[in-house]
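# Observations on chain architecture
Single-letter residue listing:
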Amino acid sequence: METIPGLIVRCQSGFYTVETGQGSGVRRLVCRLRGRLKLGRPFGDTAALGDRVMVSEQPDGTGMIEEIAPRQRALVRLAPTARGPYQQVLLANPDQGVFIFACAQPDPHLRMLDRFLVIAEKQNLPAVIVANKVDLVGLDGARGIFGHYAPLGYPVIYTSVRQELGLDELRRILAGKLSCFTGPSGVGKSSLLNALQPGLGLAVRDVSEITRKGRHTTNVRQMFRVESPDAGTAEAASGSGYVADTPGIRSLALWDTQPEEIDGYFPELRPLVQHCAFNDCTHRHEPGCAVLRALAEAQIHPERYRSYLRLRYGEAEEREKGTHHRWREAHHGEHGENEP
Ligand code: GDP
Ligand code: ZN
């Protein structure tokens, strides 16, 4: 039987759209999954968005997934079920997390951004920040909000769909990679994708609709192809990028994270903690705390410190609520973007 390599670009209730071929030969094939592939796998999604697969073509014009390549990494959520925890794969083989926030309308939710960054650090996923709607506050204003992230090692791209600003820079960062694209509602994710890749035709909502909760949600997971801005030139070797719309990343649980681990997920705190006088320092009130000293010397951004406290101590309390919290994450995570 002849099989061809491809990439799962869309999943919907047991059907997988697989993209095969390259350049002008790209084709999409709607596939099902060979049942035997589930044998011996953990209880969870056997095939997922981002999986590299081998498919065979069926006489009826559909496809069959015959093989799934081992995942380099995956964004996995554990969903409790009557049969035990189900491993839900939000995205297989992501190369980077791209976190989109608006400079205004809605106000930037930096606490959520910091939470995304911690999740990315925990998953070993490089992170990029997109500050959209720069037109509303000006470039200086935008730098005032997001500028302190760049020295931490997180590239910040300033964009405006309205003014067509920063779009090539964003295309370049996406080229040749599979990016997990996420951010709160209303920040302009659909608008950005439409601007990056004309022809996608994603629905962009009216500002008036944004406050209304619960955008129509389906269980479709999909990714979009974004062409490199250098297509047709030598740099185009890096190829087109794929952007996966992964709202659920917000709910990737931190409940299995030990509070002490959180220090390590803040790049600016990581090198300091070993200099605290007490090795069980909570960085809240201890004498000889290197974190408090750096804060006093303005080496650490106060908002980042506040996010750290929130993630380390605030969520520890939530964690103690145990199963309720897990249940909530599993059931509402996907739609929870409007929650504070
Ligand atoms: P999503 O929920 O993140 O997908 O956001 P949408 O793409 O649906 O956009 C939400 C609203 O923000 C729409 O009214 C867009 O027209 C508007 N919007 C998107 N990008 C920009 C921008 O760069 N500047 C301004 N001023 N508005 C924008
Ligand atoms: Zn300390």
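Just above sits the structure.
For the structure given in this document, a descriptive report is provided here.

Basis of the calculations
Residues numbered from 1 in each chain as written. Chains lettered and ligands numbered in written order. Predicted model: local features only at pLDDT ≥ 70, side-chain atom pairs only at ≥ 80, totals over all residues. Heavy atoms only, no water. Salt bridge = Lys/Arg side-chain N within 4 Å of Asp/Glu carboxyl O. Buried < 20%, exposed > 50% of the residue type's maximum accessible area, 1.4 Å probe, protein only. Helix = DSSP H or I, 4+ residues; strand = E, 2+ residues; numbered from the N terminus. Pairing = 2+ DSSP bridges. Axes fitted to C-alpha atoms, helices over the stretch in contact; angles between N-to-C directions. Parallel < 35°, antiparallel > 145°, perpendicular 65-115°, else oblique. Contact = heavy atoms within 4.5 Å. Nonpolar A, V, L, I, M, F, W, Y, C, P; charged D, E, K, R; others polar. Core = buried A, V, L, I, M, F, W, Y, C linked by side-chain atoms within 4.5 Å. Domains from an automatic or database assignment.

The next subject is the pattern of salt bridges. A side chain of one charge can pair with a side chain of the opposite charge if their charged atoms are brought near each other. The final tally for this structure, using the stated rule, is 15 salt bridges. Connected via shared salt-bridge partners are Glu19, Arg28, Arg225 and Glu227.

To continue, consider the pairing of strand 11 (residues 178-182). Where burial is concerned, most of strand 11 is hidden: five out of the five residues are buried. Burial along strand 11 is two-sided: the residues Leu178, Cys180 and Thr182 and Ser179 and Phe181 are all buried. Bridge count for strand 8 (residues 96-102) against strand 11 is four bridges, and the pairing is parallel. Among the inter-strand pairings, Phe99 is bridged to a residue of strand 11, identified as Thr182. Alignment of strand 11 against strand 13 (residues 241-245), held across four bridges, turns out to be parallel.

Turning our attention to the packing of helix 3 (residues 167-174) against helix 4 (residues 189-196). When two helices pack together, their arrangement is captured by the angle between the axes and the distance separating the axes. One way to put it is that helix 3 packs onto helix 4 with a least axis distance of 10 Å and a crossing angle of 85°. Here helix 4 runs roughly perpendicular to helix 3, going by the angle between their axes. Counting all contacts with helix 3, which are made through Leu167, Leu170, Arg171 and Leu174, the residues of helix 4 involved are Leu192, Ala195 and Leu196. Residues of the contact of helix 3 with helix 4, tallied by class, amount to six nonpolar, no polar and one charged.

Next up on the list: the nonpolar core. Formed by 48 residues in total, the largest nonpolar core has its most connected members in Ile65, Phe99, Leu113, Phe146, Tyr149 and Met223. Broken down by element, this core gets its largest block of residues, seven residues, from helix 1 (residues 110-122). Residue contributions to this core reach at least three from each of two domains, namely domain 1 (4-70) and domain 2 (91-251). Dropping the residues within four chain positions of it, Leu113 is found in contact with Phe99, Phe101, Ile129, Phe146 and Tyr149.

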